[in-house]
Amino acid sequence: MNRNIDTENRYRKYRKTNNSDLCVFCNPPNAQVIKELKYFRVLANEFPYDKWDYRQVEKHLMLVSKKHYVSLSEFSKKEKDEYTDTIIEYEKKGYNIYTRTNSNGSKSVGHVHTHLIKTNSNEFIALTYQKEPYISKATYAS
């Protein structure tokens, strides 16, 4: 997974300047909200990935619980049902599903969230890494 350099720079700046103890997923800006459910929201990712699984990302959304949880194991039965139904709905639309555990060091927000990533499945991208893995040059191959 990679972000383009402009998005990565915005993300780094945000991480350095966001000293708030308030969770960004507990009260997301209305502009980010794509869909409201009973227990969850589907949000547009403010810092979307540009590449995923060697494909160009077309859309990067996130499924976020309305309550502040740090693990999927905290969901009630009704929340688990809505979560699973929503995952299935987006999977049928061609989205990849990705969730990090709370112990994953690269997870930047403790609030449990699942990435919903739609790629261009016909466009393979060969990545040539520079300095760090998330900054890359992409060459497109058929």
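Preceding this paragraph is the structure being described.
As the structure is a prediction and not an experimental result, all values here were calculated from the model.

Caption draft 1: Region of interest: the packing of aromatic side chains. Per the stated rule, a full pass over the model turns up 5 aromatic pairs. An aromatic cluster is present here, built from F40, Y69, F75 and Y83 joined pairwise through their rings. If you follow K93 out to its NZ or CZ, it ends over the ring of Y90, 4.7 Å from the centre.

Caption draft 2: Spatial organisation of the side chain of N45. Counting through the fold element by element, N45 comes out in the loop between β2 (40-44) and β3 (51-52). A polar contact of 3.1 Å, which involves the side chain of N45, links it to the side chain of H60. Beyond its immediate sequence surroundings of up to four residues, N45 is in contact with Q32, H60, L61, M62 and H115.

Caption draft 3: Geometry of the pattern of salt bridges. Evaluated as defined, the whole model comprises 5 salt bridges. In this structure, R41 and E36 form a salt bridge, with 3.1 Å as the shortest nitrogen-oxygen distance. Accessibility expressed as a relative area gives 15% for R41, which makes it buried. The closest approach of N and O atoms between D81 and K77, which form a salt bridge, is 2.9 Å. With D81 and K77 both in helix α2 (residues 77-92) and 4 residues apart, this pair spans about one turn of that helix. Classification of D81 by relative accessible area gives partly exposed; the value is 35%. The exposure class of K77 is exposed, given its relative accessible area of 60%. Here the residues in one salt-bridge network are K35, E89 and K93, joined through shared partners.

Rules and cut-offs
Residues numbered from 1 in each chain as written. Predicted model: local features only at pLDDT ≥ 70, side-chain atom pairs only at ≥ 80, totals over all residues. Heavy atoms only, no water. Phe/Tyr/Trp six-rings, centres within 6.5 Å; stacked < 30°, edge-to-face > 60°. Lys NZ or Arg CZ within 6 Å of the ring centre and 35° of its normal. Helix = DSSP H or I, 4+ residues; strand = E, 2+ residues; numbered from the N terminus. Polar contact = N/O pair within 3.5 Å; in protein donor to acceptor, adjacent residues only side chain to side chain. Contact = heavy atoms within 4.5 Å. Salt bridge = Lys/Arg side-chain N within 4 Å of Asp/Glu carboxyl O. Buried < 20%, exposed > 50% of the residue type's maximum accessible area, 1.4 Å probe, protein only.

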